[in-house]
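Read off the chains here:
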Amino acid sequence: MENIETKEKELFQEWHTNIIEKVSKQIKKEYNEDKFVDNLYEFIEDGIISEKEWSTAPLKIIFVLKEANNSYKEHKEDWMNFKRFLADSGGGRTTFANISRWAYGILNIDENLSWNDIHKKGLDSNERKKILRQVCVVNLSKQPGDARTKFDNLKEKFERYNKEYLEKQLAFYADADIIICCGNGVGSLFKSALSKNNFGEYKPVGKIDGIWHNTLGNGQLMISYYHPAASAKGMTEEKLFKSLLAVVKTNYKKKS
């Protein structure tokens, strides 16, 4: 039986080939020439950071992001395999500091954790690496984008090049317990790629502290949340952490 990492690799090869073919046809049609559009041809591999640690995690968490940041062009080879990049570096101290804090809080949800301890986890790259190896990180678009994503551009790339294959990728993680969609519009695009065969019916639940959350037919909790680097008025790192944990705790069902 193939492991998840092997299945991801095989799917990504097919996915990337399909993107190259579609982009080439699109560019030739629109420009009537063979024009190279750099970031449309590139492909970011994401998913489970460590299959071994994901399989033994007390709760299986998927973080859904828009797309990888293309601003690190000088280090492109380091993060084209996004999973390896996160495992080796722990990611940056903005987005992945908060994702690490959120994950640590959820994975230890029955513990009485202080914010001071949680905050330190995000600042330490070694702590981030340990935490991230237990989770799954999925980008809606496998093609990189700018630091600030334009939603219309993301939606076009998602629907044209990624949606069909994202549904296949998500099937590998159908045993997830919690899905956190990070950023405006991410939840709606993610929902459109969910297969009822793997996740069951989508059931809206409501809001807690203004945060939408839903359940899926197989018992997964899906939360539409802020981006981890959100700079919304009044949303400190501590507030982001505690608001998310409140939603999880309200809907949390301990595994037997």
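Everything here concerns the structure above.
Residues numbered from 1 in each chain as written. Predicted model: local features only at pLDDT ≥ 70, side-chain atom pairs only at ≥ 80, totals over all residues. Heavy atoms only, no water.

Chemist: Help me understand the side chain of Asn139 in this model?
Modeler: If you trace the backbone, Asn139 turns up in strand 3 (residues 136-139). Taking relative accessible area as the criterion, Asn139 reaches 1% and is therefore assigned buried. Discounting chain neighbours no more than four positions away, the residues touching Asn139 are Ile44, Asp46, Leu65, Lys66, Glu67, Ala68, Phe82 and Leu166. (Helix = DSSP H or I, 4+ residues; strand = E, 2+ residues; numbered from the N terminus. Buried < 20%, exposed > 50% of the residue type's maximum accessible area, 1.4 Å probe, protein only. Contact = heavy atoms within 4.5 Å.)

Chemist: Please explain the environment of Val138 as it appears in this structure.
Modeler: In this structure, Val138 sits in strand 3. Residues Val138 and Phe63, 75 residues apart in the sequence, show an inter-C-alpha distance of 6.2 Å.

Chemist: How do you make sense of helix 7 (residues 115-123) when you look at a structure like this?
Modeler: In an α-helix there are 3.6 residues to a turn, and that puts residues three or four apart on one side. Those residues of helix 7 not exposed but buried are Trp115, Ile118, Lys121 and Gly122. All buried residues of helix 7 project into a common sector of 115 degrees when viewed along the axis, lining one side. Buried residues along helix 7 sit in contact with helix 6 (95-107), helix 8 (125-132) and helix 12 (237-251). (Arc of directions from axis to C-beta.)

Chemist: Could you clarify how one ought to interpret the layout of surface pockets in this entry?
Modeler: Where empty space is left can be seen by rolling a probe of water-molecule size over the atoms. Each pocket or cavity is described by its volume, and for the largest pocket that value is around 1100 Å³. Lining the largest pocket are 39 residues, and of these Lys66, Thr95, Gly183, His227 and Ala229 sit closest to its centre. Listed by contribution, the elements that provide at least two residues to the lining of the largest pocket are helix 5 (82-89), helix 6, helix 10 (186-192), strand 5 (202-208), strand 6 (211-216) and strand 7 (221-225). (1 Å grid on protein atoms, 1.4 Å probe; cavity = no way out; pocket = protein on both sides within 12 Å on 5 of 7 lines; lining within 4 Å. Points joined across faces, edges and corners; volume = space filled by probe spheres on them.)

Chemist: Before we go on, may I ask you to explain the pairing of strand 4 (residues 178-182) in this structure?
Modeler: Looking down a regular strand, the side chains alternate between one sheet face and the other. Of all five residues in strand 4, five are buried, a share of seventy percent or more. Two elements, strand 2 (residues 61-65) and strand 4, share four bridges in a ladder whose sense is parallel. Within strand 4, the position partnered with Ile61 by the bridge is Ile178. In the sheet, strand 4 pairs with strand 7 via five bridges, with the strands oriented parallel. Bridge pairing in strand 7 links Ile180 to Ile223. (Pairing = 2+ DSSP bridges.)

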